[in-house]
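Structural description and commentary
So the chains spell out like this:
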Amino acid sequence: ILDGTTVGVDIASKVDIYEQIQNFASQGMSIILISDELPELLANCNSVMVMRANKVVGFLSNEELEQPNAADRLQSMMSGGGSYLQPSTPVLEAQA
């Protein structure tokens, strides 16, 4: 679980961190990346779940992340622009 791993980190170090994330993923490791930086999410994730107030409000699959409007959809989800869950998407609620 990587939570805010690149906050306050210089660009060269971010590149090193991103390379290590990709290395772990290529070895089959599952990685949970917690970030509010869209470029970081788009470059390093094969699916993105957005949570707000302990509830899942959106999910984009690998195929959806490859669409031209992926950044706009994520920005809308992150800023409270509504829910983007498909009817078949299970809704999870975090336990406090």
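It should be noted that the structure appears before, not after, this text.
Quick notes on the rules
- Residues numbered from 1 in each chain as written.
- Predicted model: local features only at pLDDT ≥ 70, side-chain atom pairs only at ≥ 80, totals over all residues.
- Heavy atoms only, no water.
- Helix = DSSP H or I, 4+ residues; strand = E, 2+ residues; numbered from the N terminus.
- Buried < 20%, exposed > 50% of the residue type's maximum accessible area, 1.4 Å probe, protein only.
- Contact = heavy atoms within 4.5 Å.
- Areas by Shrake-Rupley, 256 points an atom, 1.4 Å probe, with all protein chains shown as cover.
- Salt bridge = Lys/Arg side-chain N within 4 Å of Asp/Glu carboxyl O.
- Pairing = 2+ DSSP bridges.

Here we take up the overall build of the chain. A tally of regular secondary structure across the chain gives four helices and four strands. Moving toward the C terminus, one meets the helices and strands of the chain in the order β-α-β-α-β-β-α-α. Looking at the 96 residues of the chain, the share that counts as buried comes to 26%. Across the chain, every contact between residues at least 6 apart in sequence was considered, and the portion connecting residues at least 24 apart equals 46%. For the chain, the exposed area adds up to about 6500 Å²; of that, 53% sits on carbon and sulfur atoms.

All right, on to the pattern of salt bridges then. Enumeration over the complete set of coordinates arrives at two salt bridges. Between E37 and K14 there is a salt bridge, with its nearest N and O atoms 3.4 Å apart. Of this pair, E37 sits in the loop between β2 (33–34) and α2 (38–44) while K14 sits in helix α1 (residues 11–26), and the two are 23 residues apart along the sequence.

For a regular strand, side chains alternate in direction, first toward one face of the sheet and then toward the other. Where strand β3 (residues 48–52) lies against strand β4 (residues 55–60), five bridges are found, and the strand directions are antiparallel. Bridging from a neighbouring strand, V50 pairs with G58 of β4. Taking the residues between adjacent antiparallel strands as the criterion, β3 and β4 are bridged by two residues, where A53 takes a positive phi near 55°.

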